[in-house]
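Residues per chain are reported as follows:
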Amino acid sequence: LMDALHIERAIFAGFDWGARTAVIMGALWPARCKAIVSVSGYIVANIEANRRPLPPRAELGWWYQYYFATERGRVGYAQNTHDFAKLIWQIASPKWQFDDATFDRSAAAGGNPEHADIVVHNYRWRLGLAAGEDSYDALENQLQQGPTVTVPSLTIGSDFDGAAADGTAYRAKFVGAYAHRVLSGVGHNVPQEAPQAFTDAIVAADRL
């Protein structure tokens, strides 16, 4: 996409899958990154680590991953994509009083006929239950080594991250210019819940 738009370098910023993308860009293609902003820090999926069980309370938060591991879950998500996604928004951002119009603008993406299959495959892959795309094996092998990020990076912790919000768990993964911010009263969807703070973080990352 960057090549098609003739963009040599850019700042990458996001949360959840978007944050994962930003970190991967910073780790594997630093020449294309001016800086990154990652909500919840270094969240590159590690298949081996994902095989190790977490304490029960932590596992509870990932209930939908195990739901998607079943055929019942695949069918259930495909049939109830809108309501399922809305429930996850409410659970992950309990203090965010978003209205239906705000949610529906994002929920429209669920209308893509490939959406449910992509989501379910992603979680099955992360649990080691499905194979990845062979053509990306070389890149995936690099990511499984936990590469560090050398480009200027700003990470954001929120209430969603709980005790990990201070960023200490992943600080060593960012070896270039670095800053971390903690946002209180904000859940997982930082870009929409706190757009000004998120925008400020992008500007600050560009100045690191």
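Numbers given for residues are sequential positions, taken from 1 along each chain in its written order. Totals for whole chains, interfaces and linings use every residue, but because this is a predicted model, local features are given only for residues with pLDDT of at least 70 and side-chain atom pairs only at 80 or more, for both listing and counting. Calculated side-chain values reflect all of the structure's heavy atoms, with hydrogen atoms and water omitted.

Student: Talk me through the pattern of salt bridges; I want residue IDs and the actual numbers.
Tutor: Any Lys or Arg side-chain nitrogen located within 4 Å of an Asp or Glu carboxyl oxygen qualifies as a salt bridge. This model, assessed by the stated rule, comprises six salt bridges. Here Glu71 and Arg74 are joined by a salt bridge, their closest N and O atoms 2.6 Å apart. Here Glu71 pairs with Arg74, and both are found in helix α5 (residues 71-79), just three residues apart, close to one helical turn. As a salt-bridge pair, Lys95 and Asp159 come within 3.5 Å of each other at their nearest N and O atoms. Of this pair, Lys95 sits in the loop between α6 (81-92) and α7 (100-107) while Asp159 is found in the loop between β3 (153-158) and β4 (178-183), placing the two residues 64 residues apart along the sequence. For every residue, the accessible area (1.4 Å probe, protein chains only) is compared with the maximum for its type, and the residue is labelled buried under 20%, exposed over 50%, or partly exposed between those bounds. Residue classification places Asp159 among the partly exposed residues on the basis of a relative accessible area of 36%. Where helices and strands are cited, they refer to DSSP runs of H or I of at least four residues and of E of at least two residues respectively, numbered from the N terminus.

Student: Tell me about unusual backbone geometry, residues and numbers included.
Tutor: One non-glycine residue, His6, lies in positive phi territory at about 60°. Following the sequence through the fold, His6 ends up in the segment before β1 (10-14). The backbone of Ser40 sits at a positive phi, close to 75°, despite the residue not being glycine. Among the structural elements, Ser40 can be located in the loop between β2 (33-39) and α2 (47-50). Judged by its relative accessible area of 9%, Ser40 is buried.

Student: So, a nonpolar patch on the surface: which residues are in play, and what are the values?
Tutor: Every patch collects residues that have over 30% relative accessible area and no salt bridge, joining them within 9 Å if they carry like charges and within 5 Å if they are nonpolar side chains (Val, Leu, Ile, Met, Phe, Trp, Tyr). Methods summary: accessible areas were calculated by the Shrake-Rupley approach with a probe of 1.4 Å, and residue burial reflects only the protein chains presented. Taken together, Leu1, Leu5 and Ile7 make up a surface patch of nonpolar side chains, about 340 Å² in accessible area. Looking at the secondary structure, you find Leu5 in the segment before β1. Overall, the relative accessible area of 52% leaves Leu5 in the exposed class.

Student: Could you give an account of the nonpolar core, naming the residues involved and the relevant values?
Tutor: For our purposes a nonpolar core is just a set of buried Ala, Val, Leu, Ile, Met, Phe, Trp, Tyr and Cys residues, chained together by side-chain atoms within 4.5 Å. Counting residues in each nonpolar core, the largest one holds 19 residues, and the members touching the most others are Phe12, Val23, Ile36, Tyr42, Val44, Val149 and Phe174. When residues of this core are traced back to their parent elements, those giving at least two are β1, α1 (17-28) and β2. At six residues, the largest contribution of residues to this core is made by α1. Note on contacts: a residue pair is in contact if any heavy atoms of the two residues lie within 4.5 Å. Look past the residues within four positions of Val44 in its chain and what remains in contact with it is Arg20, Val23, Ile24 and Leu143. In this structure, Val190, Ala194, Phe198 and Ala205 belong to the second largest nonpolar core, which totals 13 residues.

Student: So what about the packing of aromatic side chains? Which residues, and what values?
Tutor: Aromatic rings considered in pairs are described by the distance between their centres and by the relative angle of their planes. In this analysis, rings of Phe, Tyr and Trp, with Trp reduced to its six-membered ring, are considered paired at centre separations within 6.5 Å, and the interplanar angle assigns stacked below 30 degrees, edge-to-face beyond 60, and tilted for intermediate values. Scanning all chains against the criterion turns up 21 aromatic pairs. For the pair Tyr64 and Phe68, a centre-to-centre distance of 6.3 Å together with 65° between the ring planes defines the contact as edge-to-face. One end of the pair, Tyr64, and the other, Phe68, are both in helix α4 (residues 63-68), four residues apart, so they sit about a helical turn from each other. According to the relative accessible area criterion, Tyr64 is buried, its value standing at 11%. On the accessibility criterion, Phe68 (2% relative accessible area) is buried. Note on Tyr170 and Phe174: the rings are 6.2 Å apart at their centroids and 75° apart in plane angle, and the pair reads as edge-to-face. Considered together, Tyr170 and Phe174 belong to a single accessibility category, that of buried residues. In textbook terms, an aromatic cluster arises when at least three aromatic residues are bridged by ring pairs, as seen for Trp17, Trp62, Trp63, Tyr64, Tyr67, Phe68, Tyr77, Phe84 and Tyr123. We count a charge as sitting over a ring when the NZ of a lysine or the CZ of an arginine lies within 6 Å of the ring centre and within 35 degrees of the ring normal. The residue whose ring lies beneath Lys173 is Tyr42, and the NZ or CZ to ring-centre distance is 5.2 Å.

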